[in-house]
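Given next are the chains, with one letter for each unit.
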Amino acid sequence: MNIPFAKPNLDKKDIYEIVKTLKSPILTHGPNSNDFENFFIKKFKYKYAHTVSNCTAALHMSYMAIKLGKGDEIIVPNQTHVSTVHAAEILGAKPIFVDCELSTGNINLKEIKKKITKKTKAITVVHYLGKPVNIEQIANFCKKNKIYLIEDCALSLGAKFKDGFVGSFGDFACFSFYPAKHITTADGGMLVCKKEKDFKKVKLLKGFGVDKNFNERKIPGNYDVKSLGLNYRLDEIRCALGISQLKKLDNFIKLRKQNYSFLKKMLSDVENISILDLESRVNFKSSYYCFSIILKNKIKKHRFKIIKEIKSKGIGTSIHYPRPVSDYTYYKNKYGLKSKMFPNASIMSYRSINLPVGPHLKKKDLYYIVKTIKKIFRKY
């Protein structure tokens, strides 16, 4: 048996769109990027969107657009992928780490309030494993205190808080289309902006600071450079795949929900673990990124052994994430923070094992996962 943790769900339509683009004369600076952006805006009711090379690029440009830099502080969750923090650190800003809620893995608003100073310029929230943060409360807090809000939606495409999709609440929102995500463009991302002025800033930033895109130039090859910029664009091939994939997102999430619910029902009686609740509730619609089990204190020391046993049975797993960001060597050496300062993030990071729920799973795969997990955990 071979059941990967994640597998890109590509069909003949996806491949057709890729090949069609490859046969066209335009592989970058073409219409697919605009079409993908417009489809994204229409589907999720966003105001402005830019295709970008990856989610880290989206984060980096969000931070650049608000002129985050030396002397500024930015509130970040300690329970996140390191890119959420790297993108700010590289600009010279100081990340202020905040612990998560044990029940959701999401950043804790009460803890955020304790960390606010006069230097706080922005707050970045991560909708952990597809379950939204209580984003309305944080958005209101940011508005009241004149603090920028960035949503890291890398794991939560299609999730909703009340009537709004995640990404609708912040000044910026960043999405990932990495192969393990809800949809894929092989690699790539989307940056959503709430204000037109920020949209225009990002347009310059993602394309070298050039004032006119390739298809906007009246005289070919003639342009001006209005600002510093980078090369964070997404090519036509990946945009074509993104459009095709996005059409199937609702069904992908439906299948993820079914698979998550099945595993939760069948594994709820396994001893020495707890299951992270990613289910939808009133006001919270999850996008069910994966199925996360948390080892109880009694068996936490056996985590890597258990992961190896699961792997030996042909089942892929993942960890989100192997350490709180402040425990990685770079950040630990620079800021000297201790794990005990972030007890909930430490539990999530050091005790979690995440199982697949993606649409690549068949019913026989789910039954095999249940049977295998129950058998392995009987030993503990």
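Everything numeric in this text was worked out from a predicted model, so none of it was measured. (Residues numbered from 1 in each chain as written. Predicted model: local features only at pLDDT ≥ 70, side-chain atom pairs only at ≥ 80, totals over all residues. Heavy atoms only, no water.)

1. Regarding the packing of helix 3 (residues 55-65) against helix 7 (residues 196-206)
Basically, it comes down to this: Between N-to-C directions, angles cover 0 to 180 degrees, with each direction set by a line fitted to C-alpha atoms, over the stretch in contact for helices. Counting from the N terminus, the helices are DSSP H or I runs at least four residues long and the strands are E runs at least two residues long. Any angle between 65 and 115 degrees counts as roughly perpendicular, while under 35 counts as roughly parallel, over 145 as roughly antiparallel, and the rest as oblique. Crossing handedness is read from the near helix: turned anticlockwise from the far helix by less than a right angle, it gives a left-handed crossing, and turned clockwise, a right-handed one. By the convention used here, residues are in contact when the closest approach between their heavy atoms is within 4.5 Å. When residues are grouped by polarity, Ala, Val, Leu, Ile, Met, Phe, Trp, Tyr, Cys and Pro land in nonpolar, Asp, Glu, Lys and Arg in charged, and all others, Gly among them, in polar.
Close contact between helix 3 and helix 7 brings their axes to 10 Å; oriented N to C, the two are set at 120°. By the angle between their directions, the pair helix 3 and helix 7 is classed as oblique. Along this stretch, helix 3 crosses helix 7, giving a crossing that reads as right-handed. On the side of helix 3, the interface is formed by Met 61, Met 64 and Ala 65, while helix 7 contributes Lys 201, Val 202, Leu 205 and Lys 206. Partitioning the contact of helix 3 with helix 7 into residue classes produces 5 nonpolar, no polar and 2 charged.

2. Some words on helix 7
Definition in use: Burial classification: accessible surface area is computed with a 1.4 Å probe over protein chains only, and a residue below 20% of its type maximum counts as buried, one above 50% as exposed, and the rest as partly exposed. The arc in question is the one traced by the directions running from the helix axis out to the C-beta atoms.
Residues Asp 198, Val 202, Leu 205 and Lys 206 constitute the buried set of helix 7. Within helix 7, the buried residues cover an arc of 85° as seen down the axis, which keeps them to one side. Those residues of helix 7 that are buried lie in contact with helix 2 (31-44), strand 1 (48-52), helix 3, strand 8 (172-176) and strand 9 (189-193). In the stretch just after helix 7, Phe 208 is the one whose phi turns positive, near 70°.

3. What about helix 3?
Selection rule: Polar contact criterion, stated in full: a pair of N or O atoms within 3.5 Å, where within protein one must be able to donate a hydrogen and the other to accept it, and residues adjacent in sequence count only if both atoms are side-chain atoms.
The buried fraction of helix 3 amounts to 9 of the 11 residues, a majority that puts the element mostly inside the structure. Those residues of helix 3 that sit buried are Cys 55, Ala 57, Ala 58, Leu 59, His 60, Met 61, Ser 62, Tyr 63 and Ala 65. Residue Asn 54 occupies the N-cap position of helix 3, its side-chain oxygen lying 3.2 Å from the main-chain nitrogen of Thr 56. Just beyond helix 3, the residue with positive phi is Lys 67, at close to 60°.

4. Let's talk about the packing of aromatic side chains
The following threshold applies: Each aromatic pair joins two rings of Phe, Tyr and Trp (for Trp, the six-membered one) with centres within 6.5 Å, and gets the label stacked for planes under 30 degrees apart, edge-to-face for over 60, and tilted for any other angle. Lysine NZ or arginine CZ positioned within 6 Å of the ring centre and within 35 degrees of the ring normal marks a charge as sitting over the ring.
Summed over the entire model, instances satisfying the criterion amount to 20 aromatic pairs. Each ring, one from Phe 161 and one from Phe 284, has its centre 5.1 Å from the other, and the planes form 80°; the classification is edge-to-face. Separated by 123 residues along the polypeptide, Phe 161 in strand 6 (residues 160-161) and Phe 284 in strand 11 (residues 284-285) bring together distant segments of the chain. A relative accessible area of 3% places Phe 161 in the buried class. Joined through ring pairs, the aromatic side chains of Phe 36, Phe 40, Phe 44, Tyr 46, Phe 165, Phe 175 and Phe 177 make up one cluster. In this structure, Lys 160 packs its charged tip against the face of Phe 165, placed 4.8 Å from the ring centre.

5. A look at the side chain of Glu 236
To keep things clear, this is the line we draw: Under the counting rule used here, the positive set is Lys and Arg, the negative set is Asp and Glu, and His together with the chain ends is not counted. Each salt bridge in this description consists of a side-chain nitrogen of Lys or Arg and a carboxyl oxygen of Asp or Glu lying within 4 Å of one another.
Position of Glu 236 among the secondary structure elements: in helix 8 (residues 236-246). Despite its burial, Glu 236 pairs with no opposite charge; the closest candidate is Lys 206, at 9.0 Å N-O. Of the polar contacts made by the side chain of Glu 236, one reaches the backbone nitrogen of Asn 32; its length is 2.7 Å. For Glu 236, the contacting residues outside a window of four places in its chain are Thr 21, Ile 26, Leu 27, Thr 28, His 29, Gly 30, Pro 31, Asn 32 and Ser 33.

6. Focus: the pattern of salt bridges
Oppositely charged side chains can pair when the atoms bearing their charge come close. Summed over all chains, the structure comprises 20 salt bridges. A salt bridge links Lys 162 to Glu 136; its shortest N-O distance comes to 2.7 Å. You can see Lys 162 sitting in the loop between strand 6 and strand 7 (164-165) and its partner Glu 136 sitting in helix 6 (residues 135-145), a full 26 residues away along the chain. Owing to a relative accessible area of 31%, Glu 136 belongs among the partly exposed residues under this scheme. The network of salt bridges with common partners includes Lys 131, Lys 264, Asp 277, Glu 279 and Arg 281.

Read these as layout, nothing more, since geometry by itself doesn't imply function.
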